[in-house]
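Chains, contacts and geometry: an overview
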Amino acid sequence: MIVKCVVWDLDNTLLSGVYLESGAQPPRPDPALVAAAAQLRDRGIIHAIASRNPPEAAQYAARVTGLDFAAAECGWDRKSDAVRRIAADLGLSPDAVAFVDDDPYERAEVSFAVPEALVLSPEDMADAVGWPEFSPAVVTAEARRRGEMYAERRRREQEARTFAGSRDEFLRYCGTRVTIGRATGADVPRLHELSVRTHQFNTSGQPVAEPELRRLVGSAEHLVTTVRLSDRFGDDGLVGGCVTRAGPDGIWTVTLLMMSCRAMGRGVIEALLAWLAGTAARGGATALAVPCLVSPRNVPLRLALTEELLDLSEQAPLFGDGVGLDSLTGTLLLREVHRRFGVDVAAEDLNLDALATLATLATYITERAAAGPAPGS
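What counts, and at which threshold
- Residues numbered from 1 in each chain as written.
- Predicted model: local features only at pLDDT ≥ 70, side-chain atom pairs only at ≥ 80, totals over all residues.
- Heavy atoms only, no water.
- Salt bridge = Lys/Arg side-chain N within 4 Å of Asp/Glu carboxyl O.
- Helix = DSSP H or I, 4+ residues; strand = E, 2+ residues; numbered from the N terminus.
- Buried < 20%, exposed > 50% of the residue type's maximum accessible area, 1.4 Å probe, protein only.
- Core = buried A, V, L, I, M, F, W, Y, C linked by side-chain atoms within 4.5 Å.
- Axes fitted to C-alpha atoms, helices over the stretch in contact; angles between N-to-C directions.
- Parallel < 35°, antiparallel > 145°, perpendicular 65-115°, else oblique.
- Left-handed = near helix turned anticlockwise from the far one by under 90°.
- Contact = heavy atoms within 4.5 Å.
- Nonpolar A, V, L, I, M, F, W, Y, C, P; charged D, E, K, R; others polar.

1. Some points on the pattern of salt bridges
The final tally for this structure, using the stated rule, is 24 salt bridges. Residue Glu210 is joined to Arg214 by a salt bridge in which the shortest nitrogen-to-oxygen separation is 3.7 Å. Note that Glu210 and Arg214 are positioned in helix α11 (residues 210-217) at a spacing of 4 residues, about one turn of the helix. Its salt-bridge partner being Arg266, residue Asp236 comes within 3.1 Å of it at the nearest N-O pair. One end of the pair, Asp236, is in strand β8 (residues 234-246); the other, Arg266, is in the loop between β9 (251-259) and α12 (268-282), with 30 residues separating them in the sequence. Considered together, Asp236 and Arg266 belong to a single accessibility category, that of buried residues. Among the ionic contacts, a cluster of salt bridges with common partners joins Arg156, Asp231, Asp236, Arg262 and Arg266.

Now the structure itself:
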């Protein structure tokens, strides 16, 4: 597993001393660790801070190290909680995170509470920069800008919190531009990187080698698509791609769909599915299928695909074959139904027949929404 983010402690780790005990002159950065962090940054690995200090310590560390920190958790609660919040805020799974701290107790606490994370001492980092976990096979232009793009993301989210309109209105306000087109040979390294790095938004769960991608780009039977994203905050570059095979039976099948987590929630998946459906229709397809591996890690993508209801009849079963929701995905779907329609399916004398198919769930939601709030709610 490639580490995507290193979460640093500050005191006696990234800084050569204790910030709150240093008086008027805060401690200088540790030159060896800053050099290691810069080396990892150039490989597309981002950095964050989890420190028992006031927020000013993170600002000071950013200034004296020259590093862009994608997130900073400064406070006095458990470091494991800070690591989990950072991962969630950045859209990363915990096994894509490394945590560095000089304190053996803090390392043990994070190891116990977040066992998926890679936990290291400062002394470990001298060797760790050469480990496979920190050595992606391909480093693209997008990867080198990853820290900068997360800074752009923070500015975008800050404005979103104060924006009075809807999500679609905010995307228009941002000047969101999604560019979809056929891939060329120059896109192959980035497409390969996406196939390796994407897990939450990947339908196949398997990396695709560059030679195979080059073959697919040149294949008459396949359509390899790229997705680029930009807005007034910055250019995210190539954030997604897919491979579609045109079958002799008139069914076009998306054998791979992958998307950077930075693109989600910004209208990109909707734009790509609409583009694919339109392209397939113009190509004479009678149906567009998007098979998706069912795994705990790609729940967000399966929810997005389910929401679009692409290539699903009203009688498609919600569980097992069909949409293929597992219990966790089903719970998240019902939570979204509650948020959007005000219908708490799980709490309203639930008849399990309501969850049999898409049609029965839609009917149940429509009837309950029309009836208004349940008595006593």
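There is more to say after this.
2. Focus: the nonpolar core
Val6, Trp8, Met125 and Phe134 are the most contacted members of the largest nonpolar core, which has 27 residues in total. Elements with a contribution of two residues or more to this core: β1 (5-8), α1 (10-14), α2 (31-41), α3 (55-65), β4 (97-100) and α6 (125-128). The element contributing the most residues to this core is α2, with 5 residues. Residues Leu229, Val239, Ile269 and Leu301 belong to the second largest nonpolar core, which totals 25 residues.

3. Quick notes on the packing of helix α10 (residues 188-197) against α11
At a minimum axis separation of 9 Å, α10 and α11 run at an interaxial angle of 120°. It follows that α10 is oblique to α11 by the angle criterion. Seen along the crossing, α10 lies across α11 with a hand that is right-handed. Contact residues: Val188, Pro189, Leu191 and His192 in α10; Glu210, Leu213, Arg214 and Val217 in α11. Along the lines of polarity and charge, the residues of the contact of α10 with α11 split into 5 nonpolar, 1 polar and 2 charged.

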